[in-house]
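Coordinate analysis (summary)
Each chain, letter by letter, is given below.
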Amino acid sequence: MSLLPILRFPDPRLKKVAAPVARIDDGIRRLARDMAETMYEAPGIGLAATQVDVHLRLIVVDASETKDQLLVLINPAIEVQEGSQKCEEGCLSVPGIYDRVERAEHVVVRYLDLDGSEQTVDASGLLAVCLQHEMDHLQGRVFVEHLSQLKQLRIRNKLAKQARITA
Ligand code: K2U
Ligand code: ZN
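Criteria and cut-off values
Residues numbered from 1 in each chain as written. Chains lettered and ligands numbered in written order. Predicted model: local features only at pLDDT ≥ 70, side-chain atom pairs only at ≥ 80, totals over all residues. Heavy atoms only, no water. Donors = N, O, S within 2.8 Å, 3.2 Å for Na, K, Ca; no water. Helix = DSSP H or I, 4+ residues; strand = E, 2+ residues; numbered from the N terminus. Expected span 1.5 Å × (residues − 1). Buried < 20%, exposed > 50% of the residue type's maximum accessible area, 1.4 Å probe, protein only. Arc of directions from axis to C-beta.

Let us now look at the coordination of the zinc ion (ligand 2). All of the protein donors around the zinc ion (ligand 2) are C91 (SG), H133 (NE2) and H137 (NE2); their distances to the metal are 2.1 to 2.2 Å. In terms of primary sequence, the donors binding the zinc ion (ligand 2) are separated according to C-x41-H-x3-H. Of this pair, C91 sits in the loop between β4 (85-89) and β5 (99-103) while H137 sits in helix α2 (residues 125-138); the two residues are 46 residues apart in sequence, bridging distant segments of the chain.

And the structure:
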């Protein structure tokens, strides 16, 4: 198992749209395992393959308190999106930035598991937010893009200043 480097906003690779997984092979299974390890170590409750510079439709999620309910979603598709909720979000690709984003309250996501079996997850609350956040990543979207242009400019300037200080 290995920890994977996470791309940092505004890296242009975070804007790439992920391609469907064509075949669930040992490479995909290894990637899912390494993404899960990277997510738990961060720590986070979700991670998309886009964030580790692999542009395939694969996300890992574990929103449980006990950190023992890992979901590996291959080729996920949102089938139902209803209601509305505003939650404070963060992102492992945008460290130190948190803001409220409006999302659907309830989602049903269809996906393939690592055995290639079709599954669905019916989610509300934090799990629903996390799934939508990760699905955004697969479309090349980072949560800050839901914020105002002024907030995005301030975030870019703050991250650029941080990068200069740590360079
Ligand atoms: O995609 C990621 O960067 C992981 C995200 C997932 C997430 C974002 C917003 C709301 C829920 C999940 C986070 O960085 S994981 C960190 C975290 C942990 C607990 C609650 C919210 C965010
Ligand atoms: Zn994120």
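Moving on from the model shown.
Before going further, it helps to spend a moment on helix α3 (residues 149-166). Its 18 residues place the ends of α3 26 Å apart at the C-alpha level, agreeing with the 26 Å of an ideal helix rising 1.5 Å per residue. By the burial criterion, the buried members of α3 are Q152, I155 and L159. One side of α3 carries all its buried residues, which in axial view fall inside an arc of 60°. Facing away from the buried surface of α3 by more than 90 degrees, the exposed residues are R154, K161, R164 and I165.

Interpretation in functional terms is not warranted from these geometric data alone.
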